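The residues making up each chain are set out below.
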Amino acid sequence: MILVSACSTKEQAEPELLFAPPANFPKPIYDMTKNPITQDGFALGKALFYDPILSRDGTISCGECHRQDFGFTHHGHDISHGIDNLKGIRNSLALQNLAWQPDFFWDGGVGDLDFVPIAPIENPVEMDEKTGNVLEKLRKTTTYPTMFKKAFGTDDITSQRFLKALSQFMLSLVSANSRYDKYVRNEGVSLTTDELAGMNLFKQKCSSCHAGELFSDNSFRNNGLTIQGEKDEGRFRITENVADKYKFKVPSLRNISATKPYMHDGRFFSLDAVLDHYAGGVQNTPNLDEKLKENPQLGIPLSAQEKQQIIAFLQTLTDEEFLTNKRFSEN
Amino acid sequence: MKNNNKFLIIALFIGAWNTIVSCEKEDIIDANDKNTVAIEFDNRVGAQKLALGTTTYKNSSNEEFTVTKFNYFISNISLKKDDGTVVKFPNDYFLVRQEDTKSLLATLKDVPAGNYKELSFIVGVDSTRSVSDVSLRTGVLDPTSYGDDGMYWSWNSGYIFMKLEGVSSVVPAGPSGIKAFQIHVGGYGGKTAVAPNNIRTITLPIATTATVRKNIAPELHLIVDVAKVFDGANKIQLATTNSIHNPAAAKPVADNYTQMFLVDHVHNEKE
């Protein structure tokens, strides 16, 4: 008998770009050196992201309210329903380009991505679980100890590793390959006349708040929404400064076509409704942003054609590669 | 001459004896000597021992209440010697929980020998640690370690510095019919924007000096008076103030509890 061992070919290790800051983006805010992304860390983070074991009764995963094809927001829901069909009060935010955000949630209540998962896990209307209990459950599985060992060297499942693994996955969700991006980076994409007109209008009328390549200046502002429903006081909840009442984070507009509905409570179900609000629906509520008081009528003057052109431009911010990349998809 | 010699011998003997005896009595503080200092947290309500659950107490507003939870973080401890030198313990974070007897004794290790006259600490977690990397959130700072007795706000990143919970007939009944009060004090001042700061530094004299020596590990016995939470610079009445979960509302409580600590006595027993 002859034992033949298969020739082991040394694989050409193609350095897989696990986190590539786009050329047209500023420097990331998250300190990548404290949590370098590895293939195994990413895989573990992704597994956890899509695993409903994070919830008390095993029904809700992060992916439930953050679905890739909707820009990692909830499909068409103004507010999300979590465990036991309980409802929250705010619209699910897009998980994209998180390395460039200084704080998280509509009110900026969490200032470090590593601590974000604890909030939905422990929120009684989302996953209603204790993070410590999640770790206990993971330790008892046949799969996770091995995944932790691959990612971190030993099979100890600690809170630090759990949170960092989730961050590694979330940090990887970089969206910078929309038609707009390829246009500004001169990668052979041209925009239509309307889209270009929309881009110019956007620069004039919208980019003071929805600034730069991330389309947000990361500030908290009151954009004149009618105070209704929950009467959510937004940023005030965190700073307890009355000047912050009714202010919410300026969200990025990337992938906006996929992430409806819009605003902190998801009250606008189309971009038309959003622009109608800015053009003629702005209310003079406490702490209304100064930028919406610059014209005879509150808000931003927009003709019907201008609205359509801006919408055409906003649609160029859709990054199909990001929305369909299998690397980010549930296995 | 013989008497003089006798006296001389006696004098020499006494002199020698004094030298020997004073060598034994002489208290040398060797800077290289170290020992532990233990701090015992004796939680009380006024003149009564704190017992969780069924024991009824009265606050200064004559409101009857029981206590089901009394937890607080102690950190950034420092000890000041009689010569003014301050020894700091920046990496020691303690979570005192009345229901966990072991947590009622905090131990500081490698305290340099000396005579200590003053104790200082923060009630809570300092702002630097509050925004530090997750790798530094270990032990009592691990946000996932508290089980159902949460000491961390996930929605407004930060620790709960002091938690006082209980039941009182003056509190309106909650959804389950229980007249419970929950006072949670937090707020380290904010990370990217200014927010209320309820970090409080407590400085206490140590009347009987704590003498750390090679063979002496002092124990400081602190009395912590829950009654002072309700009465101090501010009068807190449970009928109107029974649910505090945000920093601004907690400020009067934090101001009050700066007065709830006292170094009652010190055990300087030789090992």
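Since we're looking at a predicted model, the values are computed, not measured.

(A) A look at the overall build of chain A. A tally of helices and strands in chain A yields 12 helices and 2 strands. Secondary structure of chain A in N-to-C order comes out as α-α-α-α-α-α-α-α-β-α-β-α-α-α. Taken over C-alpha atoms, the radius of gyration comes to 22 Å for chain A, in line with the 20 Å a tight globule of 331 residues would show. Seen along its three principal axes, the alpha-carbon backbone of chain A occupies a region of about 90 × 50 × 30 Å. Out of the 331 residues belonging to chain A, those deemed buried represent 45%. A fraction of 68% describes how many contacts in chain A between residues 6 or more apart in sequence connect residues 24 or more apart.

(B) Region of interest: the interface of chain A and chain B. Contacts between the two partners involve 24 residues from chain A and, on the opposite side, 24 residues from chain B. Ranked by residues supplied to the side of chain A that touches chain B, first place goes to helix H6 (residues 159-171) of chain A with 4 residues. Residue composition of the side of chain A that touches chain B, by class: 8 nonpolar, 8 polar and 8 charged.

(C) Examining the domain arrangement of chain A more closely. Residue and element names in this part refer to chain A. The domains assigned to chain A are domain 1 (32-174) and domain 2 (179-320). Each of domain 1 and domain 2 was reduced to a C-alpha centroid, and the two centroids are 27 Å apart. Taken together, the contact between domain 1 and domain 2 spans 22 residues of the former and 24 residues of the latter. In the side of domain 1 that touches domain 2, the residues fall into 8 nonpolar, 10 polar and 4 charged.

(D) Highlighting the environment of B:Arg213. All names here are of chain B. Relative to the helices and strands, arginine 213 resides in the loop between strand E11 (200-212) and strand E12 (219-225). Note on arginine 213: 20 C-beta atoms within 10 Å, which makes it buried. Taking the C-alpha atoms as reference, arginine 213 lies 6.5 Å from asparagine 35; in sequence the two are 178 residues apart. Discounting chain neighbours no more than four positions away, the residues touching arginine 213 are Asp33, Asn35 and Ala113.

(E) Region of interest: the nonpolar core. Residues and elements named next belong to chain A. Counting residues in hydrophobic clusters, the biggest one holds 66 residues, and the most contacted among them are Leu98, Leu166, Met170 and Leu314. Of all the secondary structure elements, the ones that give two or more residues to this core are helix H1 (39-49), helix H3 (118-122), helix H4 (131-139), helix H5 (144-152), H6, helix H8 (193-205), helix H10 (271-281) and helix H11 (304-315). With 7 residues, H6 is the largest single contributor of residues to this core. Split by domain, this core shows at least three residues from each of two domains, domain 1 (32-174) and domain 2 (179-320). Discounting residues that sit within four places of it in the chain, leucine 314 has contacts with Leu253, Ile256 and Leu271.

(F) Just the pairing of strand E1 (residues 34-45) of chain B, in detail. Residues and elements named next belong to chain B. Bridge count for E1 against strand E6 (residues 105-112) is 6 bridges, and the pairing is antiparallel. Residue pairing for E6: valine 37 is matched across the bridge by leucine 108. Sheet analysis places E1 next to E12, joined by 7 bridges and oriented parallel. Looking at the pairing, arginine 44 lines up with aspartate 225 of E12. In terms of strand pairing, E1 meets strand E2 (residues 48-49) through 2 bridges, oriented antiparallel. Its bridge partner lying in E2, arginine 44 is registered against lysine 49. Two successive antiparallel strands, E1 and E2, enclose a turn made up of 2 residues, where glycine 46 displays a positive phi of approximately 60 degrees.

(G) Region of the structure containing the packing of H1(A) against H5(A). All names here are of chain A. With their axes 8 Å apart at the nearest point, H1 and H5 run at an angle of 145 degrees to one another. Judged by the twist between their axes, the crossing of H1 over H5 is left-handed. Contacts between H1 and H5 pair Asp40, Gly41, Leu44 and Ala47 from the former with Met147, Phe148, Lys150 and Ala151 from the latter.

(H) Representation of the environment of A:Val125. Residues and elements named next belong to chain A. Mapped onto the secondary structure, valine 125 falls in the loop between H3 and H4. Expressed as a C-alpha distance, the spacing of valine 125 and aspartate 84, which sit 41 residues apart in the sequence, is 7.9 Å. Ignoring sequence-local partners within four residues, the contact set of valine 125 consists of Gly82, Leu86, Lys87 and Gly88.

(I) Representation of the confidence of the model for chain B within the structure. In the predicted model, chain B carries a mean pLDDT of 93, and 91% of its residues have values of at least 70. Taken over the whole predicted complex, pTM reads 0.92, whereas the ipTM for its chain interfaces reads 0.91.

(J) A look at the environment of A:Pro261. Residues and elements named next belong to chain A. Relative to the helices and strands, proline 261 is located in the loop between strand E2 (248-249) and H10. Once the C-alpha coordinates of proline 261 and threonine 146 are considered, the two residues, 115 residues apart in sequence, prove to be 40 Å apart. Dropping the residues within four chain positions of it, proline 261 is found in contact with Asp78, Asn91, Gly266, Arg267, Phe268 and Phe269.

(K) Up close: the confidence of the model for chain A. In this model, chain A carries a mean pLDDT of 94, and residues with pLDDT of at least 70 account for 95%. Confidence drops under pLDDT 50 across residues 1-16 of chain A; counting only partners more than four residues distant or on other chains, this segment forms 1 contact.

(L) Region of interest: H11(A). Residues and elements named next belong to chain A. For H11, built from 12 residues, the straight-helix expectation of 16 Å at 1.5 Å per residue is met to within 8% by its first-to-last C-alpha distance of 17 Å. Every buried residue belonging to H11 is among Gln309, Ile310, Phe313 and Leu314, and all of these are buried. Projected onto a plane normal to the axis of H11, the buried residues spread over an arc of 140 degrees and lie on a single side. For H11, exposure combined with an orientation more than 90 degrees from the buried face picks out Ala304 and Gln305. Looking at the buried positions of H11, the neighbouring elements they touch are H8 and H10.

Rules used throughout
- Residues numbered from 1 in each chain as written.
- Chains lettered and ligands numbered in written order.
- Predicted model: local features only at pLDDT ≥ 70, side-chain atom pairs only at ≥ 80, totals over all residues.
- Helix = DSSP H or I, 4+ residues; strand = E, 2+ residues; numbered from the N terminus.
- Rg over C-alpha atoms; globule rule 2.2 N^0.38 Å.
- Buried ≥ 20, exposed ≤ 12 C-beta atoms within 10 Å, placed from the backbone.
- Contact = placed C-beta atoms within 7 Å.
- Nonpolar A, V, L, I, M, F, W, Y, C, P; charged D, E, K, R; others polar.
- Domains from an automatic or database assignment.
- Core = buried A, V, L, I, M, F, W, Y, C linked by C-beta atoms within 7 Å.
- Pairing = 2+ DSSP bridges.
- Axes fitted to C-alpha atoms, helices over the stretch in contact; angles between N-to-C directions.
- Left-handed = near helix turned anticlockwise from the far one by under 90°.
- pLDDT = per-residue confidence, 0-100.
- Expected span 1.5 Å × (residues − 1).
- Arc of directions from axis to C-beta.

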